[in-house]
Amino acid sequence: MLALYALTFASDVIYSISGNKELVIPFGLFIGCATSSYLTEISQEMINDGHSSMMQFASVSCFFALVKIVAVYTFGGNDLLLQISNGGLMQVLWSWRKLLKSEGQASALE
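Criteria and cut-off values
Residues numbered from 1 in each chain as written. Predicted model: local features only at pLDDT ≥ 70, side-chain atom pairs only at ≥ 80, totals over all residues. Heavy atoms only, no water. Helix = DSSP H or I, 4+ residues; strand = E, 2+ residues; numbered from the N terminus. Expected span 1.5 Å × (residues − 1). Bend = angle between axes of the 7 residues up to and from the residue. Buried < 20%, exposed > 50% of the residue type's maximum accessible area, 1.4 Å probe, protein only. pLDDT = per-residue confidence, 0-100. Patch = residues over 30% accessible without salt bridge, like charges linked within 9 Å, V, L, I, M, F, W, Y side chains within 5 Å. Areas by Shrake-Rupley, 256 points an atom, 1.4 Å probe, with all protein chains shown as cover. Salt bridge = Lys/Arg side-chain N within 4 Å of Asp/Glu carboxyl O. Contact = heavy atoms within 4.5 Å.

Caption draft 1: Inspection of helix α1 (residues 2-18) at higher detail. Along its 17 residues, α1 runs 25 Å from first to last C-alpha, staying within 8% of the 24 Å computed at 1.5 Å per residue. If you look at α1, its biggest bend is around 30 degrees, right at Thr8. Of the positions making up α1, those classed as buried are Tyr5, Thr8, Asp12, Val13 and Ser16. Note on α1: the residue one or two positions beyond its end, Asn20, has a positive phi of about 55 degrees.

Right, dumping it as structure tokens:
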């Protein structure tokens, strides 16, 4: 997921700037981050098992990858959907990083 985010984020930003839609970038990132946090919280409430948190992040990130694929192939590169998927992937990767860091600290304490 990191490779998908890293490779497509720059191209999506350049695509939005070239189409004079610069204001779509922060709006889409905000919506994507909020949606990602909401979906992650919902999945944590539905699945209370602490060991499946990696699966929750993987499923949410696959959702945003699917949004990106749909935006490119169905809507012809809709700028807002591309930036929403970028914001969602960014939030998932950030939360995943925090989870791995906290698990590493917890295992170091044991």
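This is not the end of the story, as more comes after the structure.
Caption draft 2: Expanded view of unusual backbone geometry. For Asn20, which is not glycine, the phi torsion reads 55 degrees and is therefore positive. The residue Asn20 is located in the loop between α1 and α2 (24-46) in this model. Assessed through its relative accessible area of 64%, Asn20 is described here as exposed.

Caption draft 3: Structural view of the confidence of the model for the protein chain. Across the protein chain, pLDDT averages 81, with 89% of residues at or above 70. Highest mean pLDDT in the protein chain belongs to α2 (86); lowest belongs to α1 (80).

Caption draft 4: Region of interest: a nonpolar patch on the surface. A surface patch of nonpolar side chains, about 440 Å² in accessible area, is lined by Tyr38, Ile42, Met46 and Ile47. For Ile42, the location among the structural elements is in helix α2. In this structure Ile42 comes out as partly exposed when scored by relative accessible area, which is 31%.

Caption draft 5: Molecular detail of the environment of Leu4. Assignment of secondary structure puts Leu4 in helix α1. Judged by relative accessible area, which is 29%, Leu4 ranks as partly exposed. Spatially, the C-alpha atom of Leu4 lies 8.1 Å from that of Ala65, the residues being 61 residues apart in sequence. Leaving out residues up to four positions away in the same chain, Leu4 has contacts with Ala65, Lys68 and Leu89.

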